[in-house]
Amino acid sequence: MKRRGVGKRRGVGKRRGVGKRRGLDARIRDAVADPVLARNVLRATDTSTAHRRAVVAERPDWEALRARAGTLRAHVLTHLDRYVETFAENARARGTRVHAALDAEEARRIVLDLVGRRDCRRILKSKSMTTEEIELGPALEAEGFFPLETDLGEYIVQLAGEPPSHITAPALHKSAEQIRDLFRREGVLEGRGDPPRDHDALAEWLSLKAREHLRPRLLDADLGITGANFLVAETGTVVLVENEGNIRFTTTTPPLQIAVVGIEKVIPRIEDLATLLPLLTRSATGQRATTYTSLLSGPLEELHVILLDAGRSALLRDEADREILRCIRCGACMNVCPVYRTVGGHAYGSAYPGPIGALVTPLLRGEAEDFELPFLSSLCGACTEVCPVGTDPHGHLLRQRGRVDERGERSLAERLAFRAWRWVMASPRRYRIAGRLARALQDPLLRAGLLAPWTRYREAPRIARRSFREHWSRHGPPSRPTP
Ligand code: SF4
């Protein structure tokens, strides 16, 4: 079914993987060495976090809502087989065709069969991390099919030939000026006037021009491919939230629609959306509600839902790991993670970056390098503080690090260092002596470059000249301010 040149248009369907061509260390080095990337990521994540904080503050019941969502997600995951079955039955009763895919390969094969059978030439695709996870784009392209990404951020990274760098804001690592240059290079701005100089005005102008460019292409398509935010078991409904209206086009203009969805997205009842949607939209984009919420209960013409397992069932079997599947992909943990905010999403080499990506990637994909990902964390705990559904990324990161230890996968140097650390910390006397040694040796060690791998990208914290105990024994307790 190999097809050549079908649907290939300028800037459409460039091949992009999930950034694994270079090793993890090399990707991190590239990211840290790019000050523009760091500035763009910081600016975007700061903005998202500020918006989130403002709308969360409007809900005095936020913690109660979070607790309810956590309980709901935990309940669903404990009975997921039952809810998935109920969803499939009810969706089929409404005319939706439901497929089960054990792994990414099977999911890709189902999509390719449908695409080939219906001779689809014009394919629309909305933002979907599940299709990124199964690397559907490259698989379609390898067969000569070139889907058009309809979400603006996804369209930008598609033009750039890059994978998305954030699960809700795929192009957040690019500035408006970089996007302007990209659009110029790819012909998106041909005949559309001169861009404004002001940064904010430029961002708005670019989105309008992209809309003018994309809109005619959305009206005439054979196939629309989406993911889903939730699947409602009792009604067989596919739920999608978005801001641009592109999902509305993707799910209404083509006669054939395919939704590729992880099985953990099933929820029991339509009322559960009242709990989950406010948490999702406030955490993801700092909005009370997104502009569009689409509930597809049955096909307009032909709707296929592909339920993807790809390692999720194995996760369900472990009571602790199961909690990771509560995630509703809001992206809030990325926005507050100091590591993500420094290196952006491409460094992770996975469809899922940030704290949640560092957890699910080793468990779902499990390639050798993925087991390093849980170490991309400062363990500050900010991810757990913001998670709207109680996924506790911080606790799971620690757990996965422990597993690396249990499997004996640390280097000899690391093992010896940690053993020495434990020995020192177990005795006040040894701790005191080690403190004195560290104070005396810190400068010579730094000068000799022995800490270079650690200090290349950060400043080593200076150890105080005198320890707290020494200070206390010399000066006594601090005097209390008089009330
Ligand atoms: S782990 Fe929590 S905060 Fe992170 S993406 Fe998932 S739901 Fe959002």
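Since the structure is predicted, the reported quantities are computational estimates derived from the model, not experimental observations. Here the residue numbering is sequential within each chain, running from 1 through the sequence in written order. Given that this is a predicted model, residues contribute local features only at a pLDDT of at least 70 and side-chain atom pairs are listed and counted only at 80 or more, while totals for whole chains, interfaces and linings are drawn from all residues. Values shown for side chains rest on all heavy atoms present in the structure; no hydrogens or waters enter the calculation.

## Here we look at the overall build of the protein
Numbering goes from the N terminus for both helices and strands, where a helix is a DSSP run of H or I of at least four residues and a strand is a run of E of at least two. Per the secondary structure count, the protein includes 22 helices and 10 strands. Against the 2.2 N^0.38 benchmark of 23 Å for 483 residues, the protein shows a C-alpha radius of gyration of 25 Å, consistent with a compact globule. Overall, the protein is about 80 × 55 × 55 Å in size when its C-alpha atoms are taken along their principal axes. Whether two residues are in contact is decided by their heavy atoms: any pair within 4.5 Å suffices. Contacts spanning at least 24 positions in sequence make up 77% of the contacts within the protein whose residues lie at least 6 apart. Roughly 23,500 Å² of accessible area belongs to the protein as shown, and the carbon and sulfur atoms make up 53% of that amount. The centroid of the 78 positive side-chain charges in the protein is displaced by 6 Å from the centroid of its 61 negative side-chain charges. Here the globule rule is a power law, 2.2 Å times the number of residues to the power 0.38, and the radius of gyration is based on C-alpha atoms. Exposure was quantified through the Shrake-Rupley algorithm and a 1.4 Å probe, taking into account, for residues, occlusion by the shown protein chains and nothing else. Positive residues here are Lys and Arg, negative ones are Asp and Glu, while His and the chain termini are left out of the count. The atoms used to mark charge sites are NZ of Lys, CZ of Arg, CG of Asp and CD of Glu.

## Let's talk about the pairing of strand β7 (residues 256–262)
Relative accessibility thresholds used throughout: buried, under 20% of the residue-type maximum; exposed, over 50%; partly exposed, between the two (1.4 Å probe, protein chains only). Of all 7 residues making up β7, 7 are buried, and the element is well covered by its neighbours. Here β7 shows no split at all, with L256, I258, V260 and G262 on one side and Q257, A259 and V261 on the other all buried. Pairing of β7 with strand β10 (residues 302–308), which is carried by 7 bridges, proceeds in the parallel orientation. The residue bridging L256 from the neighbouring strand is E302, located in β10. When DSSP finds two or more bridges between a pair of strands, those strands are recorded as paired.

## As for the site of the ligand
Near, as used in this document, describes a residue that has one of its heavy atoms within 4 Å of the molecule or strand being considered. In the region of the ligand, the neighbouring residues are C327, I328, R329, C330, G331, C333, I356, C387, P388, V389 and T391. All amino acids are sorted into three groups, where Ala, Val, Leu, Ile, Met, Phe, Trp, Tyr, Cys and Pro are nonpolar, Asp, Glu, Lys and Arg are charged, and the leftover types, Gly among them, are polar. In the shell around the ligand, the residues fall into 8 nonpolar, 2 polar and 1 charged.

## Let's talk about the environment of F183
Position of F183 relative to the elements: it lies in helix α9 (residues 176–185). We classify F183 as buried; its relative accessible area is 1%. Separated by 171 residues in sequence, F183 and G354 place their C-alpha atoms 28 Å apart. Not counting residues within four places of it along the chain, the set of residues in contact with F183 comprises L152, I156, L159, V188, L189, L206 and A210.

## Some points on the domain arrangement of the protein
One frequent convention defines the size of an interface as the accessible area lost when the parts assemble. Under the domain assignment used here, the protein contains domain 1 (1–174 + 220–409) and domain 2 (417–475). These domain boundaries are the output of an automatic or database domain assignment. Of note, the centres of domain 1 and domain 2, computed from C-alpha atoms alone, are 43 Å apart.

## Some points on the sheet that holds β7
Paired through their backbone hydrogen bonds, the strands of a sheet run either parallel or antiparallel. Ordered in space as β1-β10-β7-β4-β2-β3, the 6 strands form an open sheet in which the pairing is parallel. A strand with exactly one partner marks an edge of an open sheet, and here the two such strands are β1 (97–101) and β3 (148–149). When strand β4 (residues 223–226) meets β7, the two strands line up parallel, connected through 4 bridges. What sits directly across from L223, in β7, is L256.

## Quick look at the sheet that holds strand β8 (residues 266–267)
In space, the 4 strands of this open sheet follow the order β8-β5-β6-β9, with mixed pairing throughout. Either end of the sheet is taken by a strand with one partner, and the two such strands are β8 and β9 (292–296). Relative to β8, strand β5 (residues 230–232) runs parallel, the two being bridged by 2 bridges. Bridge pairing in β8 links L231 to V266.

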